[in-house]
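Structural overview for review
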Number of protein chains: 2
Amino acid sequence: MPELRPTFPQGDARNAIVEAALAVFAAEGFHGAGTRQIAQAAGVSQPLLNHHFGGKEALWRVVGEQITADFMAFMTDAVDLALPPGDGVTAMLRAYLAFWKARPLSFRFNLWRRLDGLQDERVSRSEQMTRPVVAFMQRAQDAGFIRNDLPPGLAAIMGGALVQFLLDSQLEIRAALAVTGDEGLADEDAIGHIVRLLRAPS
Amino acid sequence: MPELRPTFPQGDARNAIVEAALAVFAAEGFHGAGTRQIAQAAGVSQPLLNHHFGGKEALWRVVGEQITADFMAFMTDAVDLALPPGDGVTAMLRAYLAFWKARPLSFRFNLWRRLDGLQDERVSRSEQMTRPVVAFMQRAQDAGFIRNDLPPGLAAIMGGALVQFLLDSQLEIRAALAVTGDEGLADEDAIGHIVRLLRAPS
DNA sequence: CCTATCGCTGATCGATTGATCAGTCAACGC
DNA sequence: GCGTTGACTGATCAATCGATCAGCGATAGG
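Here the structure is a predicted model, which is why all the values come from computation and not from measurement. (Residues numbered from 1 in each chain as written. Chains lettered and ligands numbered in written order. Predicted model: local features only at pLDDT ≥ 70, side-chain atom pairs only at ≥ 80, totals over all residues. Heavy atoms only, no water.)

Let's shift gears to the overall build of chain A. Each helix and strand in chain A was counted, giving 9 helices and 0 strands. In chain A, the succession of helices and strands from N to C terminus is α-α-α-α-α-α-α-α-α. Burial analysis of chain A (202 residues in total) assigns 49% to the buried set. A fraction of 70% describes how many contacts in chain A between residues 6 or more apart in sequence connect residues 24 or more apart. (Helix = DSSP H or I, 4+ residues; strand = E, 2+ residues; numbered from the N terminus. Buried < 20%, exposed > 50% of the residue type's maximum accessible area, 1.4 Å probe, protein only. Contact = heavy atoms within 4.5 Å.)

Dropping the structure here:
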């Protein structure tokens with residue numbers, strides 16, 4: 001009877017390592033982060049990483065999978081398919097924005113994963129994260145909520161692009177495109193404008 | 001009389017190194033790329049990198065500065081301030097898209113630079129690259145070309161975001177958001193839709 | 001023909017990497 | 001009390017990193 005995880009002692013050191021690994025990986029990327037650095041941030045010794053996770057690669061994978069799982073659970077709860085298309089899109093975009101704004105480290109880790117990720121996960125994981133947004137926009141367009149002078153799929157991409165860009169400008173690099181003014185745009189306002197732009201004329 | 005560059009022999013080996021460095025850096029990032037790997041790709045020995053550029057960091061900087069210079073020159077030529085705002089925005093977005101589509105390695109290197117770049121260039125360089133687009137959109141909005149129900153600056157961000165996302169989906173990760181169909185959207189069509197979306201009602 | 005110069009390379013440096021090993025210590029069953 | 005188990009650490013491993021050094025070979029000036 002094979003057991004997927006070796007022993008899993010349920011110690012809090014494990015969680016501390018994952019937490020520290022998220023912080024260091026988010027700041028430095030996979031190749032830039034060192035196992036000693038992660039261990040120090042977690043307050044443990046370096047061999048403990050290998051003892052619990054089996055290696056640096058495996059630790060990276062655990063961090064990434066936890067982010068993916070959290071995101072999927074959050075979006076599943078937030079998305080209400082019973083809402084009318086208009087409110088549904090707005091709620092979904094809001095949830096997407098709120099999730100990542102509350103987890104800047106996870107957001108940056110995900111940016112790394114698009115470039116620096118291990119070979120076999122570069123596409124699948126990153127793709128999986130944005131797919132709910134795009135799929136939901138697609139659904140709204142199919143329901144006739146999106147203006148009909150846009151080719152199928154473009155509105156979905158636009159919605160994802162705009163929200164993603166809001167995140168980029170607010171989380172990743174401070175003032176990367178600080179042309180919107182000093183304090184930037186409130187999320188609610190920005191999402192409202194995005195939805196109105198893509199909405200079919202009433 | 002100080003000379004900025006040590007000797008600068010104007011050999012073609014130098015260009016070969018820069019070219020190989022762009023390819024390897026684009027694929028692996030700064031920390032992921034090795035000087036021996038770059039040297040092998042350029043067909044030279046590894047100490048030659050240090051001889052010509054003084055180190056890995058300096059080589060990274062040279063590659064980045066060349067991309068920035070090429071981009072600035074290209075956009076300066078492509079942007080015609082005499083055009084009416086509508087044609088001007090379209091032409092500018094087209095030029096931006098064409099530049100990066102013709103240089104996928106430079107595009108990916110620039111993605112790296114946002115995360116993996118050396119500390120002092122992380123903001124400035126990346127900011128410098130998108131600023132022309134945003135600034136030009138801003139100008140078009142000031143001229144009354146952009147619909148007036150958008151807060152100042154948001155249209156500029158939207159234009160930049162949408163074009164950037166077109167690039168992402170086409171260059172960086174194949175089929176990252178392949179929801180637009182099999183062959184994707186033609187650039188001219190996509191840009192036309194974006195401009196029409198943001199344009200003031202006639 | 002000699003030599004100084006310059007582009008360039010093989011060999012090697014110390015430092016740091018991720019991973020491993022032997023061994024300590026506390027907790028627990030008997 | 002005793003032995004076993006397992007989380008955990010200091011010390012150390014081979015491998016690789018970027019950088020350096022001495023020297024090769026071709027070329028140009030005298």
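From this point, the narrative continues.
The residue Asp116 of chain A is located in helix α6 (residues 104–116) in this model. In this structure Asp116 of chain A comes out as buried when scored by relative accessible area, which is 5%. Residues Asp116 of chain A and Gly32 of chain A lie 84 residues apart in sequence; the distance between their C-alpha atoms is 9.9 Å. Excluding residues within four positions of it along the chain, Asp116 of chain A makes contact with Gly29, Phe30 and His31 of chain A together with Glu28 and Trp112 of chain B.

Right, let's get into the pattern of salt bridges. Residues and elements named next belong to chain A. Going through the model one piece at a time under the given rule, you end up with 2 salt bridges over all chains. Arg61 serves as the salt-bridge partner of Glu57, at 3.1 Å between the closest nitrogen and oxygen. Here Arg61 and Glu57 lie together in helix α4 (residues 56–78), a separation of 4 residues that amounts to about one turn. Judged by relative accessible area, Glu57 falls into the partly exposed class, the value being 44%. (Salt bridge = Lys/Arg side-chain N within 4 Å of Asp/Glu carboxyl O.)

Take the environment of Gly144 of chain A next. Residue and element names in this part refer to chain A. Along the chain, the position of Gly144 falls in the loop between α7 (124–142) and α8 (154–172). A relative accessible area of 46% means that Gly144 is categorised as partly exposed. C-alpha of Gly144 to C-alpha of Pro85: the two residues are 59 residues apart in sequence and 8.4 Å apart in space.

A few words now on helix α1 (residues 12–28) of chain B. All names here are of chain B. Taking 1.5 Å of rise per residue, 17 residues should cover 24 Å, and α1 covers 24 Å from first to last C-alpha, within 8% of that figure. Taken together, the buried positions of α1 are Arg14, Ile17, Val18, Ala20, Ala21, Leu22, Val24, Phe25 and Ala26. Along its buried surface, α1 packs onto α2 (35–42), α3 (47–53), α4 (56–78) and α6 (104–116). Gly29 sits one or two residues past α1 and shows a positive phi near 85°. (Expected span 1.5 Å × (residues − 1).)

With that settled, the discussion passes to the confidence of the model for chain A. Looking at chain A as a whole, its pLDDT mean stands at 78, while 77% of the residues score no less than 70. Within chain A, no element has a lower average pLDDT than α8 of chain A, which sits at 72, and none a higher one than helix α2 (residues 35–42) of chain A, at 96. (pLDDT = per-residue confidence, 0-100.)

Looking now at the nonpolar core. When a protein is soluble and globular, its nonpolar side chains tend to lie buried together. Ranked by internal contacts, the top residues of the largest apolar core, which has 122 residues, are Phe25, Leu59, Leu93 and Trp100 of chain A together with Phe25, Leu59 and Trp100 of chain B. Here Phe25 of chain A is in contact with Phe30, Ala33, Ile38, Lys56, Leu59, Trp60, Phe109 and Trp112 of chain A, once residues within four sequence places are set aside. (Core = buried A, V, L, I, M, F, W, Y, C linked by side-chain atoms within 4.5 Å.)

Residue and element names in this part refer to chain B. Assignment of secondary structure puts Asp12 in helix α1. Accessibility expressed as a relative area gives 65% for Asp12, which makes it exposed. The spatial distance from the C-alpha of Asp12 to the C-alpha of Leu154 is 46 Å, given a sequence separation of 142 residues.

We now examine the packing of α6 of chain A against α6 of chain B. Running from N to C, α6 of chain A and α6 of chain B point in directions that differ by 145°, and their axes come no closer than 10 Å. As for how α6 of chain A packs across α6 of chain B, the hand of that crossing is left-handed. In this structure, α6 of chain A contributes Arg108, Leu111, Trp112, Leu115 and Asp116 of chain A to the contact, and α6 of chain B contributes Arg108, Leu111, Trp112, Leu115 and Asp116 of chain B. For the contact of α6 of chain A with α6 of chain B, the class distribution of residues is 6 nonpolar, no polar and 4 charged. (Axes fitted to C-alpha atoms, helices over the stretch in contact; angles between N-to-C directions. Left-handed = near helix turned anticlockwise from the far one by under 90°. Nonpolar A, V, L, I, M, F, W, Y, C, P; charged D, E, K, R; others polar.)

Attention now moves to the side chain of Thr35 of chain B. Residue and element names in this part refer to chain B. With respect to the helices and strands, Thr35 occurs in helix α2. Here Gln46 takes part through its side chain, which lies 3.1 Å from a polar atom of the side chain of Thr35. Those residues in contact with Thr35, other than ones at most four positions away along the chain, are Gln46, Leu49 and Lys56. (Polar contact = N/O pair within 3.5 Å; in protein donor to acceptor, adjacent residues only side chain to side chain.)

This part is about the packing of aromatic side chains. Residue and element names in this part refer to chain A. Counted under the stated rule, the structure contains 23 aromatic pairs over all chains. Taking 5.3 Å as the distance between ring centres and 70° as the angle between the ring planes, the aromatic pair formed by Phe71 and Phe99 counts as edge-to-face. Here Phe71 is found in helix α4, whereas its partner Phe99 is found in helix α5 (residues 85–101), with 28 residues between them in sequence. On the accessibility criterion, Phe99 (1% relative accessible area) is buried. (Phe/Tyr/Trp six-rings, centres within 6.5 Å; stacked < 30°, edge-to-face > 60°.)

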